[in-house]
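# Structural features, examined
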Amino acid sequence: MFYGKVIGNITTTIKAKGLEGKKIQIVRPIDMNTGKELDKFIVTLDVTDSGIGDYVGYEDGKEAAWAFEPEEVPTDATIVAIIDKVNIDK
Amino acid sequence: MVLGKVIGSIVATQKDESLFGKKLMLVKAIDLEGNLLEPFVVAVDVIGVGIGEKVLVVNGSSARMTDETKDKSIDSVIVAKVDSINLK
C-alpha cells in the first residue's frame, strides 16, 4: 500500500462497464521519509468515502482490482483506506 | 490509472489472434493542466474514443479485467473518456 493525498477528482461518462458508479480520485503520492508530497500524481478508484484533502492509502497493480471482488473492475490503482494518523518512532 | 491524451492510432494487419478486431490507440501521458508528457503507450480502446480526447489508461494485468480484453494478450487499455478534472 502507498500513502498519498487526494487533490482532486475526475468525472467520466463514457467508460468501461466495470467502472460504472465508481468514484475516480486524483492522488498525489507522499514520500514516507520526508512527509512531503511528490511532484507527480496518480488516478485511482476509491472504495472509501474519501474527499479532497484527505490522506489515504492506495493499492496499485492487480491488487487494486481485488478491492472490488467479486466484481471485475479494470483498475490498477484503488484507494483502500483513509489515514487517520501516522506514528513513526524516531 | 494514467491520465493521457489520444494522439494517434496504430494499424496492424499481422497480429496475434487475440488482437483481432481491437482498436489500437497511441496515448501520451499528460499532466493535470493537459500538457503532454514524455511517456506514451499503445492501448486497446474498448469504449470508442477519438484522437485528441483525454482518457484514462489502465496498465498491467488489470487491463485484462474488462469483458473485451479478458484472457487476451493485452496489458494496456483505455477504460474511460475524461469529461472534467476537478482540483481543489
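Thresholds applied
- Per chain, residues are indexed from 1 in the order of the written sequence.
- Chains and ligands are labelled sequentially in the order written, the chains with letters from A and the ligands with numbers from 1.
- With pLDDT at 70 or above as the cut-off, local features in this predicted model cover only qualifying residues; side-chain atom pairs require 80 or more to be listed or tallied, and sums for whole chains, interfaces and linings still use all residues.
- The secondary structure listing takes helices from DSSP runs of H or I that are at least 4 residues long and strands from runs of E that are at least 2 residues long, numbered from the N terminus.
- The reference for a compact globule is 2.2 Å times residues^0.38; the radius of gyration itself is calculated from the C-alpha atoms.
- Burial is judged by counting the other C-beta atoms within 10 Å of a residue's own C-beta: 20 or more makes it buried, 12 or fewer makes it exposed, and any count in between marks it as partly exposed, with every C-beta position built from the backbone.
- Any two residues are considered in contact once their C-beta atoms, placed from the backbone, lie within 7 Å.
- All amino acids are sorted into three groups, where Ala, Val, Leu, Ile, Met, Phe, Trp, Tyr, Cys and Pro are nonpolar, Asp, Glu, Lys and Arg are charged, and the leftover types, Gly among them, are polar.
- A pair of strands is labelled paired if DSSP reports no fewer than 2 bridges between them.
- Take the buried Ala, Val, Leu, Ile, Met, Phe, Trp, Tyr and Cys residues, join any whose C-beta atoms are within 7 Å, and the set you get is a nonpolar core.

## Considerations on the overall build of chain A
Of regular secondary structure, chain A possesses 1 helix and 5 strands. Beginning at the N terminus, the succession of helices and strands in chain A can be written as β-β-β-β-α-β. For chain A, the C-alpha radius of gyration of 13 Å lies close to 12 Å, the compact-globule estimate for 90 residues. Reported as C-alpha extents along the three principal axes, the dimensions of chain A are approximately 45 × 25 × 20 Å. By residue count, 34% of the 90 residues in chain A fall in the buried class. Sequence separation of 24 or more characterises 53% of the internal contacts of chain A that already satisfy a separation of 6 or more.

## Quick word on the interface of chain B and chain A
Contacts between the two partners involve 27 residues from chain B, matched on the other side by 28 residues from chain A. Elements represented by at least two residues in the side of chain B that touches chain A include exactly β1 (2-10), β4 (54-59) and β5 (76-87) of chain B. Residue contributions to the side of chain B that touches chain A peak at 10 residues, all from β5 of chain B. Partitioned by chemical class, the residues of the side of chain B that touches chain A number 16 nonpolar, 7 polar and 4 charged. With 6 bridges connecting them, strand β1 (residues 2-15) of chain A and β5 of chain B associate as antiparallel partners.

## Some details on the environment of V6 of chain A
All names here are of chain A. The residue V6 is located in strand β1 in this model. The exposure class of V6 is buried, given the 23 C-beta atoms found within 10 Å. Along the backbone, V6 and Y55 are 49 residues apart, and their C-alpha atoms lie at a distance of 6.4 Å. Every residue in contact with V6, bar those within four places of it in the chain, is listed here: Q25, V27, S50, G51, I52, G53, D54 and V56.

## Things to note about the environment of I79 of chain A
All names here are of chain A. Looking at the secondary structure, you find I79 in strand β5 (residues 77-82). As for I79 and A64, which are separated by 15 residues in sequence, their C-alpha atoms are 8.0 Å apart. In contact with I79, not counting residues within four places along its chain, are Q25, V27, T44, D46, V47, T48, S50, V56 and Y58.

## Description of the nonpolar core
Counting residues in each nonpolar core, the largest one holds 40 residues, and the members touching the most others are V43 of chain A together with V55, L56, V57, V77, I78 and V79 of chain B. Discounting residues that sit within four places of it in the chain, V79 of chain B has contacts with K15, A16, L19 and P74 of chain A together with V46, I47, L56, V58 and T66 of chain B.

## Comments concerning the pairing of β1 of chain B
All names here are of chain B. Bridging between β1 and β4 involves 4 bridges; their strand directions are antiparallel. The residue of β4 that forms the bridge with V2 is V57. Here β1 runs beside strand β2 (residues 23-30); their pairing, made up of 6 bridges, is antiparallel. Residue pairing across strands places V6 opposite V27, the latter belonging to β2.

Structural measurements only, silent on function.
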